Structures are given as structure tokens and as C-alpha cells.
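# Analysis of the macromolecular model
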Amino acid sequence: MEFRAGPAGHRILWWTTIALEKASVDGRVTVKKFEFAHIGEGIARQAGALLRGFYTKGVTTEYKGDVDLVTEADRASERLIVEKLKAAFPAHGVYGEEGTRSGLESEFRWYVDPLDGTTNFAHGFPAFCVVLGLERRVAGLAADADGEMVAGVIYDPLRDEMFSTERGKGAWLNGRAIHVSKTASLQESLTATGFPSKKRHESPNIHFYNEITLRSHGVRRAGSAALDMAYVAAGRLDGFWEFNLNPWDTSAGFLLVEEAGGTVTHFDGGKFTLDSRETLVTNGLIKKEMVHLFTEMFAGRELTAIPSAAEFAAKRLTAK
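Bear in mind that the values here come from a model prediction, so they are computed numbers and not experimental data. (Residues numbered from 1 in each chain as written. Predicted model: local features only at pLDDT ≥ 70, side-chain atom pairs only at ≥ 80, totals over all residues. Heavy atoms only, no water.)

## Points about the overall build of the protein
Here is the rule we go by: A run of DSSP states H or I qualifies as a helix once it reaches four residues; a run of E qualifies as a strand once it reaches two. Both are numbered from the N-terminal end. Each residue is assigned to one of three classes by its accessible area relative to the maximum for its type, calculated with a 1.4 Å probe on protein chains only: buried under 20%, partly exposed between the two thresholds, exposed over 50%. Two residues form a contact once any of their heavy atoms are found within 4.5 Å. Note on areas: these come from Shrake-Rupley sampling with a 1.4 Å probe, and a residue is covered only by the protein chains present in the view.
Per the secondary structure count, the protein includes 8 helices and 19 strands. Within the protein, the fraction of its 320 residues that count as buried is 49%. When contacts within the protein are restricted to residue pairs at least 6 apart in sequence, long-range pairs at least 24 apart make up 62% of them. Summing over all exposed atoms, the protein offers an accessible surface of approximately 15,100 Å²; the carbon and sulfur share of this is 52%.

## Quick notes on the environment of glycine 96
Position of glycine 96 relative to the elements: it lies in strand E7 (residues 93-96). Residues glycine 96 and proline 247 lie 151 residues apart in sequence; the distance between their C-alpha atoms is 9.3 Å. Those residues in contact with glycine 96 that lie beyond four places of it in its chain are Glu78, Arg101, Val112 and Trp248.

## Here's the deal with the packing of aromatic side chains
Counted only if it meets this: Aromatic rings from Phe, Tyr and Trp, with only the six-membered ring used for Trp, were paired whenever their centres fell within 6.5 Å, and each pair was classed as stacked if the ring planes differed by under 30 degrees, edge-to-face if by over 60, and tilted otherwise. A positively charged side chain is recorded as over a ring if its NZ (Lys) or CZ (Arg) lies within 6 Å of the ring centre. The angle to the ring normal must also be within 35 degrees.
In total, this model carries 19 aromatic pairs according to the counting rule given. Judged by centre distance (5.9 Å) and plane angle (55 degrees), the rings of phenylalanine 36 and phenylalanine 89 are tilted. You can see phenylalanine 36 sitting in the loop between strand E4 (29-31) and helix H1 (37-57) and its partner phenylalanine 89 sitting in the loop between helix H2 (72-88) and E7, a full 53 residues away along the chain. Among the aromatic residues, those joined into a cluster by ring pairs are Phe208, Trp241, Phe243, Phe267, Phe294 and Phe298. The aromatic ring of tyrosine 95 is capped on one face by arginine 101, whose charged end is 3.9 Å from the ring centroid.

## Description of the pattern of salt bridges
Two side chains carrying opposite charge are able to pair once their charged atoms lie near each other. Put simply, the rule is: By salt bridge we mean one thing: a side-chain nitrogen of Lys or Arg within 4 Å of a carboxyl oxygen of Asp or Glu.
Taken as a whole, this structure holds 9 salt bridges when the rule is applied. Of the charged contacts, one joins arginine 159 and aspartate 156 as a salt bridge, the two residues approaching to 2.9 Å between their closest N and O atoms. On the basis of relative accessible area, arginine 159 is assigned to the partly exposed category, the value being 43%. Of the residues examined, aspartate 156 reaches a relative accessible area of 0% and is grouped as buried. Across the salt bridge formed by arginine 301 and glutamate 296, the nearest N and O atoms sit 3.0 Å from each other. Under the relative-accessibility criterion, arginine 301 is labelled partly exposed at 45%.

## Here's the deal with the UniProt feature "binding site: Mg(2+)" (unreviewed entry) in the protein
Short version of the rule: UniProt positions are given in the numbering used here, feature names are shortened, and annotations may be inferred rather than shown by experiment.
The UniProt record annotates "binding site: Mg(2+)" (unreviewed entry) at Glu97, Asp113, Leu115, Asp116 and Asp249. Their sequence span is 153 residues, while the largest C-alpha to C-alpha distance among them is just 9.9 Å; these annotated residues converge on one region. Note on placement: aspartate 113 falls in strand E9 (residues 108-116). We classify aspartate 113 as buried; its relative accessible area is 0%. Setting aside residues no more than four positions away along its own chain, aspartate 113 makes contact with Glu97, Cys129, Val130, Val131, Trp248 and Asp249. Topologically, aspartate 116 is positioned in strand E9.

What follows is the structure in C-alpha cells.
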């Protein structure tokens, strides 16, 4: 890597290894330069280093609302990210989880989750990340309408895994192109979900969790929606769903999954929106099954019986 002059004379990290892919025909290397994500990567790495320091020494935990946690690390990370984004992109707006609302009328808007997985972080559970998603909003767009996601990074500082994307340039993990899995049926899928801290006793998700757990290879509940979406993009998971997420949770993962060949929709298969009342992420191949399952459950209809182990095996053999 090397330092180069960034916008307004600021020095930025230029990661020369990112976005390199070997052509499959003659071994030539095709370079896909990022316009925004390479700067986002450098900022996410700095925020990740800050979080690692807090994680090692421990943090003071507070509550925002009745049950949602926040720590000094969340706030310090957001301050760092906002400062670096404003230095690199002075004309861009920032919409942060911890309260930053700056330049929201701008053409470009960064959605920032300075620490996705705060509850994990506060308990010392090693599953959290930094999320930066960039939206382009054309002139005249209604305030409650979505623009186009154009770039995103999700950084896991403990594993040093940088998931990066820009529209039309693919999805990448530490400079290597990634793609969704080829698992074609729910019964052979590994999926993930999450449960909100607020009103979890009222959440219907436990019913979906039960049904999908029994109809698949399993459901993971790791506590970071952004990492779950990144893992679908990388083929580590075949699907993910969750209720009531926020734009800072899903903005980067939305584009990452699509660029990796997957789908992000509402539970009925309809167009995804950043208000994220419903988020259904799949490799595309199990989408139809998952949409059908959600449709039947919401309608209160009787579901097909959960197959026994023998029936599961027979169905698998029939599908081959």
C-alpha cells in the first residue's frame, strides 16, 4: 500500500491490492478501481483498530432506551469515521447510528454503523464490525424515497476481513472476488437471523426461527446483521432474514449481496427498501422457498409437515 493525496489535499490509504481478479481465460489480471470504497476501507480499518483497543481493555456500557446498549466505543468510532469522511468527502452527508445527521440534502449520503454488534462487543463475544454504505440521491428525490446504493464496506477488525463493493464492480473480501453459494434447497441451507433487543417478547420471529431451523441445516444467530449479510455474499451462509433493521445495518450489505449474485428483498419477495421493516437475503436459489414459507406463515395457513431424517435424505437424493 502507499499514501496518496486525497480530496482537499488529505492523505489517504490507497490499497493497491484491492479489486484484483484473475481473468479465467488467459491469466491476465483485470484491475477494477474503486471510486469510493478504497477510501471507505481505510477509514473502516482505522475505526476497527480503535474498536480493538476498546475491546481489549473493556468498556463502560450504557443503555439508550430501555434495553438497547451503547458504549463509549460506539461513540468514539462514530466520531472518528465522521471526521475522516468529512475530510475525504466534504460535500457528502453522513447518517450515523449514534446520532450524526449531517448534510442529508447532499447528493451522496454515507450510512454509518460504527459498531454493529454492540451487545456482542460489550459482553466480549467476538462478532462485530464497522459498516459504511454510500447512497447516491438524485436531485428532486423525495426525502422518504431511497436513492441508489453505490458503495459499501463491512470490516471485521478481529478477523481482519474487509468486505468491499461498488456498483457494477463486484463483491470482494480482502481483494478476492466473492460470490453467493450454489446451495439450491432450503433443506441443505445454513441461514441466519437476529432478534431485536426492543420488544423481543412481541417479535413473531421465534416462529420463523423454529420452522426454518427444522427445515434446514440450521439457523445461526450471531448478533451482527451486517456480518450475516456479508457472509451470504461470501457463500458462508445461504440466507438471512430479520425484522426492523435500520439503513446503517443493511446499506452496505444490500449492495454487497447483489454484487455477489444474491437477492435482497422484503419477505414477500418485493423490492427491498432501506427502511428495512423486512429484510430477506438469499443466494437467489432458495429465495422462492423462503418467500413461500413466509407467505404461508403470515397467512396463518397450515404448513407442510417437517420431514423426518429419512424423508430428508430421500428428498435430497431425488433432487440429484
